[in-house]
Amino acid sequence: MKIGFLGGYLLVLVFGYVLQYLNLKHNWEWRYEIPPGFEGELSPDVQEKTASYNLAGEKVSLVESMAEEGLFLIFFFSVLFPLYDRWISSLSDSFILNGVLFFLGLLVFQTLFKIPFSYHHTFVLEEKFGFNRSTLRLWLSDLVKTALISVVLISFLTTGAFWLVQATSLWWLWVWVFLTLVSLFLMVISPYLIEPLFFKFKPVDDEELATGVESIVGRAGLQVSRVLQVDASRRSGHSNAYFTGIGKVKRIVLFDTLIEQMSKAEILAVLAHEIGHWKKRHILKRLLLTVGSSFVGIGLAFLLIQSGFLPTFLGLESLSFPAQLMVLSVLGKIVLFPVTPLSAWLSRRHEREADLYAVSLTEKPLDLASALIKLARENLAGLFPHPLYAWFYFSHPPLVERVGFLRGLQIKEIKTKEQ
Ligand SMILES: [Zn+2]
């Protein structure tokens, strides 16, 4: 059983690495190609820099992932895991406290492991390619804040869930209700309590742009107070925009770096795309999907724990409750891996819907196309992902495909006008 479990895990890992390698190779071999629609937009300098940036980034992420997975394999599939489990169990007689300590201990290891990689990412890789704008002080304060938030969240979630396990017989149902309510609560309070710890949000301050924002948001029937700009430039030169939240806390956020880099028409096109996510209720749809699948997942977890079968996956006779949860999470990682393309496909479908909505709102497909080209250029995004890699993982249609699609819409629009 243990060999099969380990084999499944290794299979998933190797498959992921093969895809990553194919992608890296594909991007590298095509690095001097100019895709349709990008003519005159990419100098050989930019192409060279993009290829080097992506190669360097992929190398670091590969080293990190291999080190992390290697350590994990040694820990989880050796005697270390039951030893850790027994050590934690010996610390207290309380079921709840043992659960909290079990997960906090893992968090400590994981955080310590990630520190050097995070430092290297910010102050070596991003610095070298001119993206880093963070200081050591800011980076350290982010690190401490994130760690504290994780400690509070893990302690709270584990305490609540473990208390329900102890106090109720249909615990899986109550745990599901509890986790769902906490996730909804976090979505609501995050813009007021968590995000301001890291970023400052304010209404768009450029007057001319603000007028454009007001007009386009008004046409879509939304409130302008829901469009904010964020001081992302304090940490990085990368640019982006996003839509988030449900109910009354829905909002669209534009990075100040995006506002710096793009023309007014391009910014409004990006904004229209985000409005598309809002109007098509994408966040809500994904949330319902997550809540539904966690219902099934927690139900199955309950059945597996009840069966008493989980320790045998590691060739052991017994494991504590939190340790069994960890076995489940590893099992989940293997079983859910083949579903990755489905989730990516759904996300790409939403992105396409948002692009279409943006075009129907602005009636200018080329504005969004040129915004995407600029986004690719300024962020040194690789334009030639391996098709299999893109199909498996990409949350957005590849940029070249999106630009091609928008140009197609422009041609259609001109033809309809001519008729
Ligand atoms: Zn989008």
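Above this note sits the structure.
All of the points below concern the structure found in this document. (Residues numbered from 1 in each chain as written. Predicted model: local features only at pLDDT ≥ 70, side-chain atom pairs only at ≥ 80, totals over all residues.)

Our focus in this paragraph is the overall build of the protein chain. In terms of regular secondary structure, the protein chain is built from 15 helices and four strands. Computed over the C-alpha atoms, the radius of gyration of the protein chain is 24 Å, within 12% of the 22 Å expected from 2.2 N^0.38 for a compact globule of 419 residues. Across its three principal axes, the protein chain shows a C-alpha extent of roughly 75 × 50 × 45 Å. Buried positions account for 23% of the 419 residues belonging to the protein chain. (Helix = DSSP H or I, 4+ residues; strand = E, 2+ residues; numbered from the N terminus. Rg over C-alpha atoms; globule rule 2.2 N^0.38 Å. Buried ≥ 20, exposed ≤ 12 C-beta atoms within 10 Å, placed from the backbone.)

Quick look at the sheet that holds strand S3 (residues 241-244) now. Spatially, four strands are ordered S1-S2-S4-S3 in an open sheet, and the strand pairing comes out mixed. Edge positions in the sheet fall to strand S1 (201-203) and S3, since each has one partner strand and no second. Averaged over neighbouring strand pairs, the angle between their axes works out to 35° when direction is ignored. With four bridges joining them, S3 and strand S4 (residues 251-255) adopt antiparallel strand pairing. Following the sheet pairing, Phe243 is matched in S4 by Ile252. (Pairing = 2+ DSSP bridges. Axes fitted to C-alpha atoms, helices over the stretch in contact; angles between N-to-C directions.)

It is worth spelling out unusual backbone geometry at this point. In this structure, Glu363 is a non-glycine residue whose phi angle is positive, near 60°. Here Glu363 lies in the loop between helix H12 (340-362) and helix H13 (365-378). Although it is not a glycine, Leu380 adopts a positive phi angle of roughly 50°.

The next subject is the nonpolar core. Formed by 42 residues in total, the largest nonpolar core has its most connected members in Leu254, Leu271 and Leu372. The biggest single contributor to this core is helix H9 (residues 264-279), with eight residues. The residues contacting Leu372, other than those within four sequence positions of it, are Leu399, Arg402 and Val403. Ala161, Phe162, Trp172 and Ala301 belong to the second-largest nonpolar core, a separate cluster that totals eight residues. (Core = buried A, V, L, I, M, F, W, Y, C linked by C-beta atoms within 7 Å. Contact = placed C-beta atoms within 7 Å.)

The subject of this paragraph is H13. For H13, which comprises 14 residues, the first-to-last C-alpha distance of 20 Å matches the rise-based estimate of 20 Å (1.5 Å per residue) to within 8%. In terms of burial, H13 is a largely internal element, 10 of the 14 residues being buried. Pro365, Asp367, Leu368, Ala369, Ser370, Ala371, Leu372, Ile373, Leu375 and Ala376 are the residues of H13 that are buried. Next to the buried residues of H13 lie H9, H12 and helix H15 (399-418). (Expected span 1.5 Å × (residues − 1).)

We now examine the environment of Ile216. The topology assignment puts Ile216 in helix H7 (residues 207-219). Along the sequence, Ile216 and Leu106 sit 110 residues apart, while their C-alpha atoms lie 47 Å from each other. The contacts of Ile216, once residues within four sequence positions are left out, are Leu268, Leu271, Ala272 and Leu361.

Another aspect to go through is the packing of H9 against H13. Relative orientation of the contacting elements H9 and H13 amounts to 100°, with a least axis distance of 8 Å. On the basis of their axis angle, the class for H9 and H13 is roughly perpendicular. For the pair H9 and H13, contact is made by Ala265, Glu266, Ala269, Val270 and His273 and by Asp367, Leu368, Ser370, Ala371 and Lys374, respectively. For the contact of H9 with H13, the residue count by class is five nonpolar, two polar and three charged. (Parallel < 35°, antiparallel > 145°, perpendicular 65-115°, else oblique. Nonpolar A, V, L, I, M, F, W, Y, C, P; charged D, E, K, R; others polar.)

Once that is clear, we can look at the pairing of S3. Every second residue of S3 is oriented toward a common face, the buried set being Ala241 and Phe243 and the non-buried set Tyr242 and Thr244. The hairpin formed by S3 and S4 contains six residues between the paired strands, and Gly245 there has a positive phi angle of roughly 95°.

This part is about the pairing of S4. When you tally the buried positions in S4, you get four out of five residues, the bulk of the element. Sheet topology places strand S2 (residues 227-230) next to S4; four bridges connect them, and they run parallel. Bridge pairing in S4 links Val227 to Ile252.

In contact at an axis separation of 7 Å, H9 and H12 are set at 120° when each is read in the N-to-C sense. The orientation of H9 relative to H12 falls into the category oblique. The chirality of how H9 crosses H12 is right-handed. On the side of H9, the interface is formed by Leu268, Ala269, Ala272, His273, Ile275, Gly276, His277 and Lys279, while H12 contributes His350, Glu353, Ala354, Asp355, Tyr357, Ala358, Leu361 and Thr362. Partitioning the contact of H9 with H12 into residue classes produces eight nonpolar, five polar and three charged. (Left-handed = near helix turned anticlockwise from the far one by under 90°.)

So, about the environment of Thr257. With respect to the helices and strands, Thr257 occurs in helix H8 (residues 256-261). A C-alpha to C-alpha distance of 6.8 Å links Thr257 and His238, two positions 19 residues apart in sequence. Those residues in contact with Thr257 that sit more than four places away from it in its chain are Ala232, Ser233, Gly237, His238 and Ser239.

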